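Survey of secondary and tertiary structure
For reference, the chains in residue letters:
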Amino acid sequence: MIEVYGDIEKMTETSFLLLTNSNQALKIYVFLFNGSRVWTFIENLNKNEFKPQNSVQRNSLSEEIKISKATSKIFLFMCFVTCCLWGIFPFLDRQPGEKIRLPLSGWYPFGTDTSPSFELVYAYQIFATWINGMGNITMDTFISGAIMAISVQLKILNNSFEVMTVQNYQSRNLRCESTLKNLRRALVKNIVHYKSILQLSAEMTSLFTICMTSQFAVSVIIICMTMFQMSLVSVASLQFLSMLLYQACILLEIFLWCYYGNEVIIESEKLTQSAYVCEWIECTKEFKKDLLFFMTRTQFPLKLYAGGYFTLSLGTYMAVGVLLLQFTGATNR
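Residues numbered from 1 in each chain as written. Predicted model: local features only at pLDDT ≥ 70, side-chain atom pairs only at ≥ 80, totals over all residues. Heavy atoms only, no water.

Summing up its helical and strand segments, the chain has nine helices and two strands in all. The order of α-helices and β-strands along the chain, N terminus first, is α-α-α-α-α-α-α-α-β-β-α. Taking 333 residues into account, the globule formula puts the C-alpha radius of gyration at 20 Å, and the chain, at 26 Å, lies well above it. Here the C-alpha coordinates of the chain stretch approximately 90 × 40 × 30 Å along the principal axes. The buried share of the chain, taken over its 333 residues, is 45%. Partitioning the intrachain contacts of the chain with sequence separation of at least 6 by distance along the chain shows that 79% fall at a separation of at least 24. Of the roughly 17900 Å² of accessible surface on the chain, 64% is carried by carbon and sulfur atoms. (Helix = DSSP H or I, 4+ residues; strand = E, 2+ residues; numbered from the N terminus. Rg over C-alpha atoms; globule rule 2.2 N^0.38 Å. Buried < 20%, exposed > 50% of the residue type's maximum accessible area, 1.4 Å probe, protein only. Contact = heavy atoms within 4.5 Å. Areas by Shrake-Rupley, 256 points an atom, 1.4 Å probe, with all protein chains shown as cover.)

This is how it looks when you write it as structure tokens:
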């Protein structure tokens, strides 16, 4: 950046990778510094409160896990293809007689125009970029998986209230003392489950809020930088395709967080209605009081924030898309 300072084209070409790698270094620091807390967070997912209690809940959990795994594989494949394109476009996207240049801009304390230094730096750039991309995606999908786990637990909790209602109608005798006691225990169990979900979401936010905030800020800048770079190359070139895939990876990073964060909001908003539909009219005063407290608390849906500024929701993701369109329009003008 110091060497090319003042050259807008070269500075933007260098800056998007500089920002990506700097953001990744921050994520690595967070994971290493909070290593014991991360393991505790994983172990807490095996608490009894979070285990599915029926086939519907197990199927919901299994389905979300399958989707999360498939998304991670697609994400890793996109990263692999992007790195491969970065490796081959210097050979194909060059004019006759033009020297092969390195895939990525960078400064080295020695010349890179001659052999074998060129080959060594070339191999280093491709290998390091591939390793960095895999590591970055692994951390991002871990965070999205943690948010997914919270949304699934809220879905399971909604189903638990629905099961309470079905059981009540099956009993046909709500005035039976044993039935009322079972109903009370089920309510207390669901409230404990909800408290555990709140604790899990608070711990997730505390652990990864720095990563998510920096990713949002860096992603917006990178999107603008890559759009500028894409406007300088031919649409039919491999460099354009590689930049397009790179931008798709950046957008997918924050999309996963926003999508699952939006699912958390949707599922938490259902809790009040799910609790209300249970047969509370014939229940005891203590049951009604506990149910009322729970319904009052769930009037405020659970939302996950990045740094206290960005709500993880599809609305936030759309705002990033609007910014991208505005920058594209300004670039065209």
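That was the structure; now back to the text.
We now examine the side chain of Q247. By secondary structure assignment, the location of Q247 is in helix α6 (residues 238-269). Looking at Q247, its side chain comes within polar contact range of the main-chain oxygen of I223, at 3.3 Å. (Polar contact = N/O pair within 3.5 Å; in protein donor to acceptor, adjacent residues only side chain to side chain.)

Our focus in this paragraph is the packing of helix α3 (residues 55-92) against α6. Remark: α3 packs on α6, axes separated minimally by 8 Å, with the N-to-C direction vectors making an angle of 160°. As judged from the angle between their axes, α3 and α6 are roughly antiparallel. Viewed along their axes, α3 and α6 form a crossing whose handedness is left-handed. Looking at side-chain class alone, the contact of α3 with α6 contains 20 nonpolar, five polar and two charged residues. (Axes fitted to C-alpha atoms, helices over the stretch in contact; angles between N-to-C directions. Parallel < 35°, antiparallel > 145°, perpendicular 65-115°, else oblique. Left-handed = near helix turned anticlockwise from the far one by under 90°. Nonpolar A, V, L, I, M, F, W, Y, C, P; charged D, E, K, R; others polar.)

Turning next to the packing of helix α1 (residues 8-33) against α6. Between α1 and α6, the shortest axis-to-axis distance is 13 Å and the interhelical angle comes to 35°. Crossing of α1 over α6 shows left-handed handedness. Across the interface between the two elements, F16, L17, T20 and K27 of α1 pack against M243, Y246 and E253 of α6. Tallied by class, the residues present in the contact of α1 with α6 amount to four nonpolar, one polar and two charged.

Another point: the nonpolar core. Formed by 63 residues in total, the largest nonpolar core has its most connected members in I147, M204 and M212. Apart from the residues lying within four places of it in its own chain, the contact partners of M204 are F41, A146, I147, I150, T209, M212 and L304. Among the nonpolar cores identified, the runner-up in size contains nine residues, and C79, M134, L252 and L256 belong to it. (Core = buried A, V, L, I, M, F, W, Y, C linked by side-chain atoms within 4.5 Å.)

The next point concerns the packing of aromatic side chains. What the rule picks out here adds up to 13 aromatic pairs. On the numbers, 5.6 Å between centres and 75° between planes, the contact of F31 with F142 is edge-to-face. Highlighted residues: F31 in helix α1 and F142 in helix α4 (residues 117-171), separated in sequence by 111 residues. Classification of F31 as buried rests on a relative accessible area of 18%. Ring geometry for F31 and F208: centres 5.3 Å apart, planes at 35°, overall tilted. Of this pair, F31 sits in helix α1 while F208 sits in helix α5 (residues 177-230), placing them 177 residues apart in sequence. The exposure classification of F31 matches that of F208, with both residues buried. Site record: aromatic cluster; members linked through ring pairs are F255, Y259, Y260 and Y317. (Phe/Tyr/Trp six-rings, centres within 6.5 Å; stacked < 30°, edge-to-face > 60°.)

Bringing the side chain of T298 into the picture now. Examined against the element boundaries, T298 turns out to sit in the loop between α8 (285-297) and β1 (305-306). Side chain to side chain, T298 and T272 meet in a polar contact 2.8 Å long. If near-sequence neighbours (up to four positions away) are discounted, T298 is found in contact with Y194, S268, L271 and T272.

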